[in-house]
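Residue-level listing of the chains:
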Amino acid sequence: MPEGGLGLRIRFESRGMDVKLPAVMSKKTILITGGAQGIGRGCVEHFLSNDWNVTAVDIQPMEFSERLEAVRGDTSLEETAKQAVAKTIERFGQLDALINN
C-alpha cells in the first residue's frame, strides 16, 4: 500500500458514498460499535490486521481473540457504553479512537 494511501475503502451503494479509513499506526486501541457484521465488522478486521487492539460492541455475539474484546449489548443504552469503555481500559489500558457505527 502506498504511503498515505487508504487502509480500507467500503462502498455504501444505497447511499452512493464511500467510507474511507486511513492507513493506521500500530499499538493503539479502538472501540467500534456494531462490530459483529457489515461495515462495523469490516472496520474490526481492518484495525486488527493493522495491529490495533479492538473492543467491538454489538447486540450479536462475537468471538474473542488476543487483541479483540467483544462486548455484547445494545449501544443505545448508556450502561452498555460505560461497560464497553470500562472493559477496554481494563483489558488494554487505553482508548485512542472510537468508530460509532
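Heads up: the structure comes first, above all this text.
What this report covers is the structure whose coordinates are included nearby.

Definitions and limits used
The numbering scheme is per chain: residues are counted from 1 as the chain's sequence reads. Reporting of local features is limited, given that this is a predicted model, to residues whose pLDDT is at least 70; pairs of side-chain atoms are given and counted only at 80 or more, and all residues count toward the totals for whole chains, interfaces and linings. Excluding hydrogens and water, the side-chain values take into account all heavy atoms of the structure. Ring geometry is summarised as follows: Phe, Tyr and Trp rings, the Trp one being its six-membered ring, pair when their centres sit within 6.5 Å, and such pairs are stacked at plane angles under 30 degrees, edge-to-face over 60 and tilted between the two. Between buried and exposed lies partly exposed: a residue is buried under 20% and exposed over 50% of the maximum accessible area for its type, with that area taken using a 1.4 Å probe on protein chains only. Side-chain atoms within 4.5 Å link the members of a nonpolar core, which is a set of buried Ala, Val, Leu, Ile, Met, Phe, Trp, Tyr and Cys residues. Here a helix means four or more residues in a row that DSSP labels H or I, a strand means two or more in a row labelled E, and each is numbered from the N terminus. Whether two residues are in contact is decided by their heavy atoms: any pair within 4.5 Å suffices. When DSSP locates at least two bridges between a pair of strands, those strands are taken to pair. With its strands directed away from the observer, a crossover is right-handed exactly when the path from the first strand over the helix to the second travels clockwise. With axes taken as lines fitted to C-alpha atoms, and helix axes fitted only over the stretch in contact, angles between N-to-C directions fall between 0 and 180 degrees. Lys and Arg are tallied as positive, Asp and Glu as negative. Neither His nor the chain termini are counted. Criterion for a salt bridge: a side-chain nitrogen of Lys or Arg within 4 Å of a carboxyl oxygen of Asp or Glu. Pairing of N or O atoms within 3.5 Å defines a polar contact, subject to two protein rules: one partner must be a possible hydrogen donor and the other a possible acceptor, and residues neighboring in sequence count only if both atoms are side-chain atoms.

**Brief notes about the packing of aromatic side chains**
How two aromatic rings sit relative to each other is given by the distance of their centres and the angle of their planes.
Part 1 of the argument: For the coordinates displayed, the defined rule picks out one aromatic pair.
Part 2 of the argument: Each ring, one from F47 and one from W52, has its centre 4.9 Å from the other, and the planes form 70°; the classification is edge-to-face.
Part 3 of the argument: Residue class for F47 comes out buried when judged on its relative accessible area of 5%.
Part 4 of the argument: By relative accessible area, which is 8% here, W52 ends up buried.

**What to know about the nonpolar core**
Part 1 of the argument: I30, I32, V44, F47, V54, L68 and I99 are the most contacted members of the largest nonpolar core, which has 13 residues in total.
Part 2 of the argument: Elements with a contribution of two residues or more to this core: β3 (29–33), α1 (38–49), β4 (53–58) and β5 (68–72).
Part 3 of the argument: Broken down by element, this core gets its largest block of residues, four residues, from α1.
Part 4 of the argument: Ignoring any residue separated from it by four or fewer positions in sequence, one finds I30 in contact with F47, W52, N53, V54, T55, L95, A97, L98 and I99.

**Quick look at the pairing of β3**
Part 1 of the argument: Across the five residues of β3, five count as buried, placing the element largely inside the fold.
Part 2 of the argument: Here β3 shows two buried faces, one formed by T29, L31 and T33 and the other by I30 and I32.
Part 3 of the argument: Across five bridges, β3 lies against β4 in parallel orientation. For L31, the partnering residue across the bridge sits in β4 and is T55.
Part 4 of the argument: For the crossover from β3 across α1 to β4, the handedness is right-handed.
Part 5 of the argument: Across three bridges, β3 lies against strand β6 (residues 97–99) in parallel orientation. Within the sheet, the bridge partner assigned to I32 lies in β6 and is I99.

**Structural notes on the sheet that holds β5**
Part 1 of the argument: Strand order in the open sheet formed by four strands is β5-β4-β3-β6, with parallel pairing between adjacent strands. Of all strands in the sheet, those bounded by a partner on one side alone are β5 and β6. Within this sheet the neighbouring strands show an average axis-to-axis angle of 15°, counted without direction.
Part 2 of the argument: Against the sheet, α1 makes contact with β3, β4, β5 and β6, and its axis sits at roughly 170° relative to β3, the strand it touches most.

**Let's talk about the side chain of D58**
Part 1 of the argument: Mapped onto the secondary structure, D58 falls in strand β4.
Part 2 of the argument: Comment: no salt bridge for buried D58; closest opposite-charge side chain is R72, at 7.5 Å.
Part 3 of the argument: A distance of 2.9 Å separates the side chain of D58 from the backbone nitrogen of Q60, its partner in a polar contact.
Part 4 of the argument: Not counting the four nearest positions on each side in its chain, D58 is found in contact with G34, G35, A36, Q37, V71, R72 and G73.

That is the geometry; function is a separate question.
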